[in-house]
Amino acid sequence: MSDDVLAIENLSAAIRNGPTLLHEISLRLAAGEVHGLVGTSGAGKSMIGRCVLGILPAPVRVTAGGIRFLGKQLVGLSERDRRAAGASLALIPQDPLSALNPSRRIVSQMTDVMRLRLHLSHAEAYARALAMLDEVHIRGPQDVLRRYPHELSGGMRQRVLIATAFACEPRLIVADEPTTALDVTVQKQILRLIRELQRKHGTSVLFVTHDLGVVAKICNSVTVLNAGRIVEQAPVADIFLRPQDAYTQALFAATPRYDRPGDTLRPLPADFA
Amino acid sequence: MLARRILLRLLQSIPTLAGVAVLTFVLVRVVPGDPVAMMIPPGADDAAVARLYAMYGLDKTISQQFLIWAGQALGGNFGISITTRQAVTGLIFSRLPATLELVTVAAFVAVALGVAMAVIGTRFAGRAGEVVVDGITGFFLAVPDFLWGLAFIVVFGVLLPLLPISGRADPTQASGLSTEFTLIESFVRFRWGITTDVLAHMAMPAVALALPLAAMIARVLKSSLAEQMGQDYALLSRVKGFSRWHVILAEALRNAAIPTVSLTGVQVTFLVGGTVLIEKIFSYPGIGSLAIDAVINRDLPLIQGLILTFAVIFILINLALDLSYAALDPRLRHG
Ligand SMILES: Nc1ncnc2c1ncn2[C@@H]1O[C@H](COP(=O)(O)OP(=O)(O)O)[C@@H](O)[C@H]1O
Ligand SMILES: [Mg+2]
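Calculation notes
- Residues numbered from 1 in each chain as written.
- Chains lettered and ligands numbered in written order.
- Predicted model: local features only at pLDDT ≥ 70, side-chain atom pairs only at ≥ 80, totals over all residues.
- Heavy atoms only, no water.
- Helix = DSSP H or I, 4+ residues; strand = E, 2+ residues; numbered from the N terminus.
- Pairing = 2+ DSSP bridges.
- Buried < 20%, exposed > 50% of the residue type's maximum accessible area, 1.4 Å probe, protein only.
- Right-handed = clockwise from strand over helix to strand, strands pointing away.
- Contact = heavy atoms within 4.5 Å.
- Buried area = accessible area lost by both parts, 1.4 Å probe.
- Salt bridge = Lys/Arg side-chain N within 4 Å of Asp/Glu carboxyl O.
- Polar contact = N/O pair within 3.5 Å; in protein donor to acceptor, adjacent residues only side chain to side chain.
- Near = heavy atom within 4 Å.
- Areas by Shrake-Rupley, 256 points an atom, 1.4 Å probe, with all protein chains shown as cover.
- Nonpolar A, V, L, I, M, F, W, Y, C, P; charged D, E, K, R; others polar.
- Domains from an automatic or database assignment.

Once that is clear, we can look at unusual backbone geometry. All names here are of chain A. Despite not being glycine, Glu24 shows a phi value in the positive range, around 45 degrees. The topology assignment puts Glu24 in strand E2 (residues 20–29). The backbone of His119 sits at a positive phi, close to 55 degrees, despite the residue not being glycine. Relative to the elements of secondary structure, His119 occurs in the loop between helix H3 (106–117) and helix H4 (122–135).

In structure tokens, the structure reads:
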């Protein structure tokens, strides 16, 4: 299985002198695959993403296991080597407002990474930014590049971030609840957009979400997490048809079904919440 | 737009200055102490004493005195200093440049030191480096500026005599400069021997003034940097491949500066207030030491002029701070 883009092996992480946040997590992602990470809030979904991206919060450490990305072990690398190994990694964050620096224009926030990773000149990076904004279906890209983040709508900001994430042709993108902060109508467009670009570029995606409806739309396989442990891991079709674990079943029951509008919303049983 | 805002603020400050003028005028005259009593030669007769009072207008009522003073002040004449017999306006203008240069250098030192400590503490958050920075800022905050001044005199003036402990420049060096802005003028006229001499004289008083403010800036800036470093844009910048140093300096610092300027900006006025003691300690010829002498001698016209000068400086500092918010935050610029 050396052709996997990402292989997380028995990964554990803990707060220093504190509780363990992730228990022996293993998962594999093939090229072009979209893998969902689902679970309730606090389950450790984002923490797995942050382990992969190398941006753990200061008190959190990887205590065991490994992360193999494109055949290279990421755990234990020095910060400098880690940055170099991250050239084919990108992030689509949850909150598009706080993910853009309020005091910098869009153009510099899109081109800085291209200049750093692809060694493009100013002019080349600007041209590539225009092309990427075109790929995410933004009209009037020159105008958008001149703007500050607060001058754009939430959907526009997320498009800009998606364009930036794909700009350096990453092999793996971590998408951490990329639609949660958006209006419902915009959510669908953004989801479709990620799907479209992911297919076009053949990018693997680790897709963090608490919404099983989103998983059904976009993922090939899924890992269900509860309190930092894997409770179930399977192709999407299997999970939806035959959820094995009681927690997964409870998660389904708590998901509103657009096809059965009469259903009342059931909260998760207290022992899972 | 900007010019209009500045003009509006300056107009708004007129009533403030008028209030300060009235208040100090009354206060310095109702507190006990008599400037003329100090000048009376022994054995002077009553008529001579009365003539002295009349000479300074002190035989009139306070409101009469104020009207006379205000009328002249509007024309730029703030009276004659009782002790030096010089015009107050000229006296203040000859000493003001020394204080402005001292405060400016102190402010630069405070900002540079404060930002450096905050950035280093943020870079090493959660590690020994942060503990060291927090310890240093705590110590700097706990010791007031004049104590730093005295400690510096003992250490760098007496034990290791590296720096001059008094005055503003070496008096044996003929300066030949045409303004009292000795530091700036000597620099732009390539008289760098004088520049270094003035800086050497300034070093101890400026650093003494700067340390408590530097610590204040470091505290506030470090906590807003910590908040900014937790924002998604800072994480995203690290995912893009930028180092922590880059993220702190190129991404977070500017945003963290906005709350820092609003929380510590007013403290810059404390630097100006601090000059009163610090200039006295270092015999530095600015308006701070002039103010102490004026108060000791009950030199009413001089006190009055100096307090108004301080008030004008405070108003200008606040105006500059106000304008700096807009320069830092694009959301305010367009709003
Ligand atoms: N900065 C942090 N420092 C310490 N613990 C954290 C931090 N962020 C999250 N945690 C803890 O890690 C666990 C997993 O959080 P997270 O991965 O953010 O959950 P989610 O599944 O909602 O994304 C939670 O118990 C949370 O309290
Ligand atoms: Mg999360």
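More follows now that the structure is in view.
Our next topic: the sheet that holds strand E1 (residues 6–15) of chain A. Spatially, the four strands line up as an open sheet ordered E2-E1-E4-E5 (chain A), and their pairing is antiparallel. The two strands at the open ends of the sheet, each matched to only one other strand, are E2 and strand E5 (72–73) of chain A.

What follows deals with the pairing of strand E7 (residues 172–176) of chain A. Residue and element names in this part refer to chain A. Most of E7 sits inside the fold, with five of its five residues counted as buried. In terms of strand pairing, strand E6 (residues 89–92) meets E7 through four bridges, oriented parallel. Looking across to E7, one finds that Ile92 is bridged to Ala175. Alignment of E7 against strand E8 (residues 204–208), held across five bridges, turns out to be parallel. The residue bridging Leu172 from the neighbouring strand is Ser204, located in E8. Handedness of the β-α-β unit built from E7, helix H7 (residues 184–201) and E8 comes out right-handed.

Much of the literature gives interface size as the accessible area that the parts lose upon coming together. Across the boundary between the two partners, chain B contributes 22 residues, which contact 31 residues of chain A. Taking both sides of the interface into account, the surface hidden between chain B and chain A amounts to around 2,300 Å²; carbon and sulfur atoms contribute 55%. Of all residues in chain B, B:Leu236, B:Val239 and B:Lys240 give up the largest surface area on contact with chain A, accounting jointly for 27% of the area buried on that side. Viewed at the interface, chain A and chain B are joined by three salt bridges. B:Lys240 serves as the salt-bridge partner of A:Asp112, at 3.1 Å between the closest nitrogen and oxygen. Inspection of the region where chain B meets chain A yields 10 residue pairs in polar contact (both at pLDDT 80 or more). Put simply, the parts of the chain that give the side of chain B that touches chain A at least two residues each are helix H9 (232–240), helix H10 (244–264) and helix H14 (330–334) of chain B.

Residues and elements named next belong to chain A. Around ligand 1, the structure places Ile15, Leu21, Thr40, Ser41, Gly42, Ala43, Gly44, Lys45, Ser46, Met47 and Pro57. One of the backbone N or O atoms of Gly44 is found 3.0 Å from an oxygen atom in ligand 1. Between ligand 1 and Lys45 there is a distance of 2.9 Å, counted from an oxygen atom to a backbone nitrogen or oxygen. A total of 560 Å² of accessible area belongs to ligand 1 in isolation, and the protein chains cover 63% of it. Sort the elements by how many residues they give to the shell around ligand 1 and helix H1 (residues 45–53) lands first, with three residues. Across the shell around ligand 1, the residue classes break down as five nonpolar, five polar and one charged.

Below, the discussion takes up the domain arrangement of chain B. Looking at chain B, the domain boundaries give domain 1 (12–74) and domain 2 (95–288). Between the C-alpha centres of domain 1 of chain B and domain 2 of chain B the distance comes to 39 Å.

Right, let's get into the environment of B:Gly129. Looking at the element boundaries, B:Gly129 is found in helix H5 (residues 128–142). Separated by 96 residues in sequence, B:Gly129 and B:Gly33 place their C-alpha atoms 54 Å apart.

Residues and elements named next belong to chain B. Here Gln304 lies in helix H13 (residues 300–328). Overall, the relative accessible area of 1% leaves Gln304 in the buried class. Polar contacts involving the side chain of Gln304 include one to the main-chain carbonyl oxygen of Ala21, which spans 3.0 Å. For Gln304, the residues in contact, after removing those within four places along its chain, are Ala21, Thr24, Phe25, Val28, Arg29 and Trp69.

All right, on to the pattern of salt bridges then. Close approach of charged atoms lets side chains of opposite charge pair. Scanning the model with the defined rule gives 17 salt bridges over all chains in all. Ionic pairing is found between A:Glu135 and A:Lys200, a salt bridge with its closest N-O pair at 3.2 Å. Here A:Lys200 lies in helix H7 and A:Glu135 lies in helix H4, a separation of 65 residues in the sequence. With relative accessibility at 18%, the residue A:Glu135 sits in the buried group. Here B:Lys280 ties to B:Asp293 by a salt bridge, and the two come within 2.8 Å at their closest N and O atoms. Taken together, the positions of B:Lys280 in helix H11 (residues 268–281) and B:Asp293 in helix H12 (residues 287–296) put the pair 13 residues apart, joining distant regions of the chain. One salt-bridge network, held together by shared partners, links A:Arg104, A:Asp112, B:Lys240 and B:Glu251.

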